Amino acid sequence: FRKAFPAFFERLMIAGFAAGVLHDDDFLPVLTPWLAAMGESKSRGFRHTASLALFALIQGLNDRAVNLTQSLQASSKKEAPALQAKYDAVIALQSQIFSVSLHQRVKDISPEIRTLAVQSLKQYFLTAPDIYVSNNFLRYLILAFHDKKAEIRFEALDFLVQALASLTTPPP
C-alpha cells in the first residue's frame, strides 16, 4: 500500500496529461478540493491518506514538468511555444495543488504527516531543483528545522545534505 497508493496517483497525473483531461472542468477541479477537504479532517488517517495522494499528484506533475523541460530543450522553434504553454500549465497546476496540500501539512499536529511533507518536498527538490529552489518552497524546510520532533529535524537535515550534494555534483 505504501508504494502502490502514491504510484497510482503519480500515474494518474501522467495518464491525465497524456489524455488531455488535466485542464478540463471535470478532473482536477473535482479531485483536488475533495482530497484537500480530506486533508483538513480531524481524523489522522484521512489527513495522512489525503496528504499522500496530494503529494503523489504533485510528484506526477513534477515528473511531467521535467519531461517537458527536456522536450523544450530538444524542440525546434516551431514546437517551443506549444511545449512552453504545456509546461506553464503543469507548473500552475502543481502550484495550485502544492498550496492546498504541503502548506498545511508541514504544520500538521501529527509527526508522521509532517515527516511525509518534508520527505515529499525533498523528493520534489531532488527531481526538479530548477522549480523548487526558491523562497516559496524552501521556507517549508525552515519550519522543519524548528520542529519539536527530532526525526523531522533529521529529515530536514538529510534534505539539506542531499540538496547540497546534488547542486555541487556536475551534470553528466
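One can find the structure itself at the top, above this paragraph.
Keep in mind it's a predicted model, so treat the numbers as computed, not measured.

Colleague: Explain the overall build of the protein here, please?
Modeller: Helix and strand counts for the protein come out as eight helices and zero strands. Listing each helix as α and each strand as β along the protein from the N terminus yields α-α-α-α-α-α-α-α. Here the C-alpha radius of gyration of the protein, 16 Å, is about what a compact globule of 172 residues would show, namely 16 Å. Taken along its principal axes, the extent of the C-alpha atoms in the protein is 55 × 40 × 30 Å. Within the protein, the fraction of its 172 residues that count as buried is 42%. The long-range share in the protein, meaning contacts at least 24 apart out of those at least 6 apart in sequence, stands at 66%. Total accessible area on the protein is roughly 9600 Å²; 61% of this is exposed by carbon and sulfur atoms. Charge centroids of the protein, computed over 18 positive and 15 negative side chains, lie 5 Å from each other.

Colleague: Whenever I open this one, the side chain of Ser75 confuses me. Can you help?
Modeller: Relative to the helices and strands, Ser75 resides in the loop between helix 3 (44-74) and helix 4 (80-105). Residue classification places Ser75 among the buried positions, given a relative accessible area of 18%. There is a polar contact of 2.9 Å between the side chain of Ser75 and the backbone oxygen of Leu72. Every residue in contact with Ser75, bar those within four places of it in the chain, is listed here: Ala80 and Leu83.

About the criteria used
Residues numbered from 1 in each chain as written. Predicted model: local features only at pLDDT ≥ 70, side-chain atom pairs only at ≥ 80, totals over all residues. Heavy atoms only, no water. Helix = DSSP H or I, 4+ residues; strand = E, 2+ residues; numbered from the N terminus. Rg over C-alpha atoms; globule rule 2.2 N^0.38 Å. Buried < 20%, exposed > 50% of the residue type's maximum accessible area, 1.4 Å probe, protein only. Contact = heavy atoms within 4.5 Å. Areas by Shrake-Rupley, 256 points an atom, 1.4 Å probe, with all protein chains shown as cover. Lys, Arg positive; Asp, Glu negative; His and termini not counted. Charge placed at Lys NZ, Arg CZ, Asp CG, Glu CD. Polar contact = N/O pair within 3.5 Å; in protein donor to acceptor, adjacent residues only side chain to side chain.

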